[in-house]
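Summary of structural features
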Amino acid sequence: MAGKNIKVLLVEDNPGDVFLLQEFLKEVTTVVVDLSPVERLSEALNYLAKEPFDVILLDLSLPDSQGLETFVIAHHQAKATPIIVLTGINDETLAIRAMQEGAQDYLVKGQVTGDLLVRSMRYAIERQRADNALRQSEERFRVALKNSPIFVYNQDCELRYTWVYNPSYGLTVEEMLGKQDLDIIPVEDAQRLTTIKRGVLTTGIGTREEVSITIKDTTRYYDLTVEPLRNESQEVVGVTCASIDISERQVALRERKLAEEKIREQAALLDVTTDAICLRDLNNEIIFWNKGAETLYGWKATEARGQNASKLLYGEPSPEIEAALLQVVNKGKWQGELTKLTKTDKEILVASRWSLVCDEQGKPKSILTVDTDITEKKHLEAQLFRAQRLESIGTLASGIAHDLNNILTPILAGAQLLPLKFPHADERTRHLLEILEINARRGADLVKQVLSFARGVEGKRITLQLRHIIVELGKILKETFPKSIEISTDVTQDLWMVSGDSTQLHQVLMNLCVNARDAMPNGGSLSIYAENLLIDENYARMNLEAKEGPYTVVTVSDTGGGIPREILDRIFEPFFTTKDVGQGTGLGLSTVLGIVKSHRGFVNVYSEVGSGTSFKVYLPAVEGMETFTPEELPLQTGHGELILIVDDETAIQEITRTSLEAHNYKILVASDGIEAIALYAKNRDKISAVLMDIMLPSLDGLTAIRTLRKINPQARIIASSGLMSEKKLSSLTNIGVNTFLPKPYTVNELLLSLQKVLS
């Protein structure tokens, strides 16, 4: 078979079958089949006498020949050419008999396809080549044994000699055939041989023994190898043996045998270990390559041996490798971490130990390298360090943000109340008050962004479909982004639902898209696509933030300049930014991370300098139908209800009192939990609701709330704080808090919370 061409002789008298086979072969594009059809066996024999073919397709029922005889005649004419028998559904028994006579395969008409036919022909050609090679090998084996001292023979299950070559014991082939060991050698020696051979017949496992045989008072020693002899069904039908006279070399051979066994044990140990072990000479040429190295790097031992280790594993030389080579030659050993390449050009990180191997004279001759794959370990360590760093930053940010909340709350509320106190103020004063309120709100929003990073973002969770958010976002981006940026969206039709706050998730995607826009000042492509992903145990094990189960994944990709590797781990830190002063606060990505974490998801980023960046947002998928946010209730003023305000910040006390009094509420104020309990016990029948700060001196808010609930189980309580963990929020529900109001809060938010608990 030359190249991809197969020369085929088709012997078939049915024109319909010939046409079908020709049509099937036209569909095959991987090989060119040169098909020569004939209708009679005589025509086929004439063809075979004139020219060779790669394979013969033979129908056993022909006008001039029928049945098995058809195959026998064709096989006799072309013994070196593989024959595939074509048969009908009811003639498979005849086809199997033809295979027993030497056919390479058979195909049932009506069940043939082009690919099946080509594959069968290729297999037949390869099997025929293997048969030819086996015959040649047997001939070489016969020639090699002719002048060899090895006594080779086969015995059946009764241990009678069935084939003998180079007979020993001073006997001829004729004297041994058909006989057992008891018939030709002394009883004790024969029993010893019989025991060994019976063991192989029973277990099916070969063995090698040293035996002694005494004939005519002369004892000879033999190295005997016994292997099971199997038929085509892999049944043991006898033994095949090789016996070498080692009488003159017995001592030397025994020492050699012990050494060989030791080497085999050591080689087996080297292959059992999962570490990659490589031995190279001082010219860096690989001498030994174990199974662990095959598994880790991908090259088989036959491929690696003789290769230059540096070119194979490093791609290009580096000062680090040169320094390691110098140290191992001078000091005898070196160890450290190296980045190496696999056969697929994948970079892996290994812990590498090098040792200098010397010859008997103490001269260096090679270097032994043992590599352990630590890629996954380092990846998980990096994730852990990043999580710890972000947690530390979050703790610091939370502490600062709590104090800032207490400062900003009275400023924000005061800025809203002042226009009410001075309704006739001039335009300049009103403008200044407006600036005060706007900047107080900006400060509050900034603190909220920091807190969203530190403790996540709370919001209204509904079952929603991200497709709507992505489609809407795509329209906004196409209208507002520069025309030089091409916007594309792609959402899986059966995208799974998620539980979340649509406004917050919209903010996540918008922040990522704005960053992508800024990364492409000269234009490019921005793509948003969403898909379903079922995370398995292996994925979760490699990513500390992932858990097993279904996720909806949204990917935002750009073709910008990419993010340098040295800053990739810092991009989610608050206030970290690469933009110029005045062009960004560095809170965009930290807000993204906070929102996604509050949705029990996680974010991965992939970037390469010059090739763009992809952010992948993973959100746990949920079952259920899409729900919608109910409209907010209209704000209502009070009807003279008495409200107890509990807060240790004087400014918050005053501003909250003023705000509520301006909306027809009456107020009592307490500075800590003890004072709050005393006031409530005295006025329990008059107080309609309690606004309780959680972080209080003397007696904390949670304890005070529990006490109030004991005084009055029906007490209406609003808890408030600028810093509240998910654990504490769940505990608020358990102790009977009606609602939670995060600081800083606007007058509208305060009134809405009161309206909620009083209604």
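Scroll up to find the structure this text is about.
Everything in this summary refers to the structure shown in the same document. (Residues numbered from 1 in each chain as written. Predicted model: local features only at pLDDT ≥ 70, side-chain atom pairs only at ≥ 80, totals over all residues. Heavy atoms only, no water.)

Observations regarding the overall build of the chain
Looking only at helices and strands, one finds 24 helices and 29 strands in the chain. Relative to its full complement of 759 residues, the chain shows a buried share of 42%. (Helix = DSSP H or I, 4+ residues; strand = E, 2+ residues; numbered from the N terminus. Buried < 20%, exposed > 50% of the residue type's maximum accessible area, 1.4 Å probe, protein only.)

Let's talk about the sheet that holds strand 11 (residues 218-230)
Pairing is antiparallel in the open sheet, where five strands are placed in the order 9-8-12-11-10. Where the open sheet ends on each side, the last strands, each with one partner, are strand 9 (161-165) and strand 10 (207-215). For this sheet, the mean inter-axis angle between neighbouring strands, taken without regard to orientation, is 25°. Pairing geometry for strand 11 and strand 12 (residues 236-245), over nine bridges, is antiparallel. For Glu227, the partnering residue across the bridge sits in strand 12 and is Thr240. Across the sheet, helix 7 (residues 187-203) lies against strand 8 (151-156), strand 9, strand 10, strand 11 and strand 12, angled at about 160° from strand 10, the strand it touches most. (Pairing = 2+ DSSP bridges. Axes fitted to C-alpha atoms, helices over the stretch in contact; angles between N-to-C directions. Contact = heavy atoms within 4.5 Å.)

Describing the packing of helix 21 (residues 673-683) against helix 22 (residues 701-711)
The angle between the axes and the distance between the axes are what describe a pair of packed helices. Two numbers describe how helix 21 lies on helix 22: the axes approach to 10 Å, and their chain directions differ by 15°. For the element pair helix 21 / helix 22, the angle class is roughly parallel. By crossing handedness, the relation of helix 21 to helix 22 is classed as right-handed. Within the contact between the two elements, helix 21 uses Gly673, Ala676, Ile677, Tyr680 and Ala681 and helix 22 uses Ala704, Thr707, Leu708 and Ile711. Across the contact of helix 21 with helix 22, the residue classes break down as seven nonpolar, two polar and no charged. (Parallel < 35°, antiparallel > 145°, perpendicular 65-115°, else oblique. Left-handed = near helix turned anticlockwise from the far one by under 90°. Nonpolar A, V, L, I, M, F, W, Y, C, P; charged D, E, K, R; others polar.)

Focus on the side chain of Ser557
Within the secondary structure, Ser557 sits in strand 22 (residues 549-558). Ser557 sits in the buried class, given a relative accessible area of 11%. Within polar-contact distance, the side chain of Ser557 engages the side chain of Ser614 at 2.6 Å. Look past the residues within four positions of Ser557 in its chain and what remains in contact with it is Ser525, Leu526, Ser527, Tyr529, Thr613 and Ser614. (Polar contact = N/O pair within 3.5 Å; in protein donor to acceptor, adjacent residues only side chain to side chain.)

Observations regarding unusual backbone geometry
Trans peptide bonds make up the majority, and among non-glycine residues the majority have a negative phi. With phi around 60°, Tyr169 is a residue other than glycine that occupies positive phi space. Structurally, the position occupied by Tyr169 is in the loop between strand 9 and helix 6 (173-176).

A closer look at the sheet that holds strand 27 (residues 687-693)
Pairing in this open sheet of five strands is parallel, and the strands run 26-25-27-28-29 from one edge to the other. One side of each edge strand has no neighbouring strand; the edge strands of this open sheet are strand 26 (666-670) and strand 29 (739-742). Neighbour-to-neighbour, the strand axes of this sheet turn through a mean angle of 20°, independent of strand direction. Contacting strand 27 and strand 28 (717-721), helix 22 crosses the sheet at an angle of about 160° to strand 27. Here helix 24 (residues 747-758) sits on the sheet and contacts strand 25 (642-646), strand 27, strand 28 and strand 29; the angle it forms with strand 29, its principal contact strand, is near 175°.

Side note on the packing of aromatic side chains
A full pass over the atoms with the stated rule returns 10 aromatic pairs. Each ring, one from Tyr47 and one from Phe53, has its centre 6.2 Å from the other, and the planes form 65°; the classification is edge-to-face. Measuring from ring centre to ring centre gives 5.7 Å for Tyr551 and Phe602, while their planes differ by 70°; the resulting arrangement is edge-to-face. With a gap of 51 residues between them, Tyr551 in strand 22 and Phe602 in strand 23 (residues 602-608) connect regions that are remote in the sequence. Neither residue differs from the other here; Tyr551 and Phe602 are each classed as buried. Of the aromatic side chains, those joined through ring pairs into one cluster are Phe151, Tyr153, Tyr161, Tyr169 and Tyr222. (Phe/Tyr/Trp six-rings, centres within 6.5 Å; stacked < 30°, edge-to-face > 60°.)

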